[in-house]
Amino acid sequence: MSANDRVRVRGLSICRPIIYGNTAVALTQKERDGLASPDHTHRWTVAVRSAASVPGSGQVGGADDLSYFIKRVTFKLHDTYPNPTRNIDKPPFEVTETGWGEFEIIVRITFIPEAGEKTMTLLHHLKLHPWTLSGEPEIPPLDVALKAGPVHSWQYDEIVFNDPFQNFLNLLTSHPPTPIPRQKRHRVPFHTANPASFEESKGKGEGDVPPEFWVGMISEEAERLDEARKKVIGEQERMRNALIEKEQEYERLKKALTE
Amino acid sequence: MAVSAADVRSALSLPDSSAAGPSNPRKQPSMTRKPEGISRELYSLIGPSQPSLAAQAKPRLKQKPKFATGASAATKWSLRSFNNSARKDGLQLKHWAKASEDPETEYPFAKYNTQNPTYTYSQDEYNRFLDTANRSATPKDGKIEIEKYWTKELTDKLFKLYQEYDGRWHVIWDRADFPPDAGFDLEDLKHRYYSVCRKLIRNRPWPGDEASRVTLINSLQFDLEREQMRKRYLVSLESRTSEQLAEEEALYLEVRRLEQTERRFKHEREELMRTLAGMDSGLPHLVEDNGAPLGILPESRGLNKKRKPTGMDTEPPTPSGAGSSPSVKRPQSTKSAAYDAQHCIIRTELSSNTPATKAAHQPAYARSSKIPYLKNNAMQPKILQCFAEMGLSPSRLVMPTKENVHQLDGLLEAVTAMLDTKKHLDKVEYDIQVAKKQLAMRNGEGVEEGEDTVKNEDAMDVDQGTETEGNEGRGASVVSIRSARSRKKTHRSMSISSVDTTATSVSTRKRQKRG
């Protein structure tokens, strides 16, 4: 390792798109009977993956092996699970379990030593039951849940490294991330920040291809935000004009009162 | 000058003499061969035997305009009245137009009647951004002193005048009868106007992108000191007496003479050194100044520049030119841009004052952690409701990319500003109601003194209520305010403008903590 390697490259930030979240499937009665704890109703997998999906793989994301910059992912499950802190040191960084309830999972990402970065903590709410439009949780009967297919809850994010060390930067650039597709091939994952995607993100039952992140979701969201901002500013403009008018009226009234 | 007999004859319009004999038959055929574009006189001088350049180059004279002949009739023009859409008084004028033109067409010059955008501001905006009177002024020079005189009334008046006279500053200055003790100059008016506009644009949420905002702000720049200096210079330039002019001229010549002497001296010294030591003298070069250190005023320098021989202007390259090059942004080739996009690399310009210490390093972060937190204040439920109505979340993004986080930031800012405006609007509306009621009571005459004070107390009480509780009781009168509060809750429309504090139903559970 040359001395140059441990020099930070200033004025540069490099990011890696990841997704984290879970998929969950309801268990049939037969499957439940085979479990150690038969009160568990779902089998779920919580994972940290790269954002792009492998076509036909049947899973959301995971096109790249993230172990080139992630050393370990720790999933902190609910305390009722045996050995609730699960350290995953090898890809795939995921934990599969069965359970009956939703809870918050603390996802802690440890980077490789070359990064010289502290661990990063993310929080994921384990989602077992299908999304609803109202946002209120609803537990459908078993046959409905089975028919609806797996439940997906994924959050896209970008891990940003500022002024990385030269050797870490070399490492990152030797693994360019697989870009998320430019065309929409499948349905999009549902997200509470975009309730409008509810219908579109619905699965078509068992055997359905999982949702996929694609480039258009970025620009669509940017457009949504921009539109909302223009609307709000227009509204404010209108209010400000009204306010100025009213202020003048008030001035007149005040004058009339003092006369 | 040799004039041939034929020429004299033709000039005097004498009949051609047959006695001219030998010259005449020779000349006649040559006249027929005379090439186009040569005057007859010239041709007769140079003769046919001399091929001339002029004969080869065809003259490019302006073509005789082809006027309409019998075949195509002249275009018909007609005098018609037209509507100037830029006029508001509906004055009908007439102009000549081609008869073939559609009389209904838009007046083509109407579009040049552009209006300056007018800026207005509310009391609150004035208090927050524009009020210079209350600011703790540091009296470093007279500039702040002048700013102090601006009150809202004066600023209002200035803006009214600007609108009325469409930014014709000299007219505005002429018409503005500001208090004489304020002593406003034309520049002070401009300074105030442009600084107010800039502050408004800077502090209001901007619908477009950042670049257009910066362009607009730059178009409203006004440098008071520079402008005042410019005018001072102009005045002093104009008011020079002829003696001063003569003296200046003499001084200039003197300077030039000195410079030349110096240059010659330097040259000779160099020569001497080279002959003696065979090397450069190594003595510092004489800076070829252009008169500034000798105390010549800048305006005379500007005048004299034209007269300066160009050969003397060989200035050595200034060090500032070389020193500024590192700050110039490196042009990014498309290839490297593609590389950066592929690896998700964002390069930022390094500012030289950033300390390169370990403490300054920003640790790795998730992009979503840069989503601004909602401050847990009175505004929060309203912001949440507003976002919910737009189908968005103030704390989460589907795709938290750099641009989207930035967009959300802008949106949040806009929403906060809007709710702020709304709060003031509601307050003023309420004040109006109170004032109207008071006025009505006074005009009612039947009101007794005691009752009036009770009403005033009541009004004050309610007034406090609106300030603490926000937007309740909007549009309610003094008397019916109590009942209006309960009524308000029942019919609340779902437009953004109807956001009020009673709606706290938007859940905050969804918000996540991020590390």
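Residues numbered from 1 in each chain as written. Chains lettered and ligands numbered in written order. Predicted model: local features only at pLDDT ≥ 70, side-chain atom pairs only at ≥ 80, totals over all residues. Heavy atoms only, no water.

Chain B appears in an unreviewed UniProt entry as SWR1-complex protein 4 from Coprinellus micaceus. In UniProt, chain B has this text filed under Subcellular location (unreviewed entry): "Nucleus". The UniProt entry for chain B carries this comment under Sequence similarities (unreviewed entry): "Belongs to the SWC4 family." (UniProt positions renumbered as here; feature names shortened; annotations may be inferred.)

In the nomenclature of an unreviewed UniProt entry, chain A is known as Protein AF-9 homolog of Coprinellus micaceus. Taken verbatim from the UniProt record of chain A, the Sequence similarities (unreviewed entry) comment is "Belongs to the YAF9 family."

**Student:** How would you sum up the overall build of chain B? Please name residues and give values.
**Tutor:** A tally of helices and strands in chain B yields 19 helices and four strands. Burial analysis of chain B (515 residues in total) assigns 30% to the buried set. Sequence-distant contacts, at least 24 apart, represent 56% of the contacts inside chain B between residues at least 6 apart. Surface exposure of chain B reaches about 34,900 Å², of which carbon and sulfur atoms provide 56%. (Helix = DSSP H or I, 4+ residues; strand = E, 2+ residues; numbered from the N terminus. Buried < 20%, exposed > 50% of the residue type's maximum accessible area, 1.4 Å probe, protein only. Contact = heavy atoms within 4.5 Å. Areas by Shrake-Rupley, 256 points an atom, 1.4 Å probe, with all protein chains shown as cover.)

**Student:** Could you give me a rundown of the pattern of salt bridges, with the residues and numbers involved?
**Tutor:** Pairing between side chains of opposite charge can happen when the charged atoms of each approach one another. If you walk through the whole model with that rule in mind, you get 31 salt bridges over all chains. For A:Asp89, the salt bridge goes to A:Arg72, with nearest N and O atoms at 2.8 Å. On the criterion of sequence distance, the pair formed by A:Asp89 in the loop between strand S4 (85–88) and strand S5 (93–99) and A:Arg72 in strand S3 (residues 70–76) is long-range, its members being 17 residues apart. Taking relative accessible area as the criterion, A:Arg72 reaches 27% and is therefore assigned partly exposed. In this structure, A:Glu97 engages A:Arg86 in a salt bridge whose closest nitrogen and oxygen atoms are separated by 3.0 Å. Within this pair, whereas A:Glu97 is found in strand S5, its partner A:Arg86 is found in strand S4, the two being separated by eleven residues in sequence. Looking at A:Arg86, the relative accessible area reads 15%, which means it is buried. Among the charged side chains, a network of salt bridges with common partners joins A:Glu237, A:Arg240, B:Glu125 and B:Arg204. (Salt bridge = Lys/Arg side-chain N within 4 Å of Asp/Glu carboxyl O.)

**Student:** Summarise the pairing of S5(A); cite the residues concerned and give the values.
**Tutor:** All names here are of chain A. Here S5 lies mainly inside the structure; five of its seven residues are buried. Here strand S2 (residues 42–50) runs beside S5; their pairing, made up of seven bridges, is antiparallel. Following the sheet pairing, histidine 42 is matched in S5 by glycine 99. (Pairing = 2+ DSSP bridges.)

**Student:** Tell me what's going on with the interface of chain B and chain A, and back it up with residues and numbers.
**Tutor:** Chain B puts 71 residues into the contact, and the matching count from chain A is 73 residues. Across the interface of chain B and chain A, roughly 6,500 Å² is buried in total on both sides, 62% from carbon and sulfur atoms. Summed over the three residues of chain B that lose the most area to chain A, namely B:His361, B:Val398 and B:Met399, the buried surface amounts to 11% of that side. Taken together, the links from chain B to chain A amount to three salt bridges. A salt bridge links A:Glu249 to B:Lys436, with the nearest nitrogen and oxygen atoms 3.5 Å apart. The interface formed by chain B and chain A holds 23 residue pairs in polar contact (both at pLDDT 80 or more) in total. Grouping the amino acids of the side of chain B that touches chain A by side-chain chemistry returns 32 nonpolar, 23 polar and 16 charged. As defined by bridge partners, strand S8 (residues 151–162) of chain A adjoins strand S4 (residues 365–366) of chain B across two bridges and the pair is classed as antiparallel. Across the sheet, A:Val160 pairs through a bridge with B:Tyr365, a residue of S4(B). (Buried area = accessible area lost by both parts, 1.4 Å probe. Polar contact = N/O pair within 3.5 Å; in protein donor to acceptor, adjacent residues only side chain to side chain. Nonpolar A, V, L, I, M, F, W, Y, C, P; charged D, E, K, R; others polar.)

**Student:** Describe in detail the sheet that holds S3(A), supporting the description with residues and values.
**Tutor:** Residues and elements named next belong to chain A. In space, the four strands of this open sheet follow the order S4-S3-S6-S7, with antiparallel pairing throughout. Strands at the two margins of the open sheet, each flanked by one partner only, are S4 and strand S7 (120–125). Mean inter-strand twist for the sheet, computed between neighbouring axes without regard to direction, equals 20°. Pairing analysis gives four bridges linking S3 to S4, with the strands arranged antiparallel. Note that in S4 the partner of threonine 74 across the bridge is asparagine 87. (Axes fitted to C-alpha atoms, helices over the stretch in contact; angles between N-to-C directions.)

**Student:** Could you give an account of a nonpolar patch on the surface, with specific residues and numbers?
**Tutor:** Side chains of B:Trp77, B:Leu79 and B:Trp96 sit close together on the surface and give an oily, nonpolar patch of about 390 Å² of accessible area. Position of B:Trp96 relative to the elements: it lies in strand S2 (residues 93–98). (Patch = residues over 30% accessible without salt bridge, like charges linked within 9 Å, V, L, I, M, F, W, Y side chains within 5 Å.)

**Student:** Please provide a residue-by-residue account of the confidence of the model for chain B, values included.
**Tutor:** Residue and element names in this part refer to chain B. Looking at chain B, pLDDT values average 70 and 58% of them are 70 or higher. In the predicted structure, residues 18–31 sits below a pLDDT of 50 and forms seven contacts with residues beyond four places in sequence or in another chain. Between residues 286–331, whose pLDDT stays under 50, and residues either more than four places distant or in other chains, the model counts 33 contacts. Interface confidence for the predicted complex, expressed as ipTM, amounts to 0.86; the pTM equals 0.60. (pLDDT = per-residue confidence, 0-100.)

**Student:** Got a sec to walk through the side chain of A:His40? Specific residues and values, please.
**Tutor:** All names here are of chain A. Its location among the elements puts histidine 40 in the loop between helix H1 (29–33) and S2. A residue is classified by how much of its surface remains accessible, and histidine 40, at 13% relative accessible area, is buried. Residue contacts for histidine 40: discarding those within four places in its chain leaves Leu27, Arg32, Leu35, Thr98, Gly99 and Trp100.

**Student:** Explain the nonpolar core to me, and be specific about the residues and the numbers.
**Tutor:** Core analysis: the largest hydrophobic core is formed by 41 residues, its most contacted members being A:Trp44, A:Phe69, A:Phe75, A:Ile109 and A:Phe111. Elements supplying a minimum of two residues to this core: strand S1 (12–26), S2, S3, S5, strand S6 (104–111), S7, S8 and helix H3 (166–173) of chain A. Of all hydrophobic cores here, the second largest spans 31 residues; its members include B:Ile383, B:Leu397, B:Leu408 and B:Ala414. (Core = buried A, V, L, I, M, F, W, Y, C linked by side-chain atoms within 4.5 Å.)

**Student:** A description of the state of the cysteines should follow, citing residues and the corresponding values.
**Tutor:** Where two cysteines share a covalent bond between their sulfur atoms, that bond is called a disulfide. Applying the stated criterion to the full structure yields zero disulfides over all chains. Free cysteine A:Cys15: the closest other cysteine sulfur is in B:Cys344, separated by 4.3 Å. (Disulfide = S-S within 2.5 Å.)

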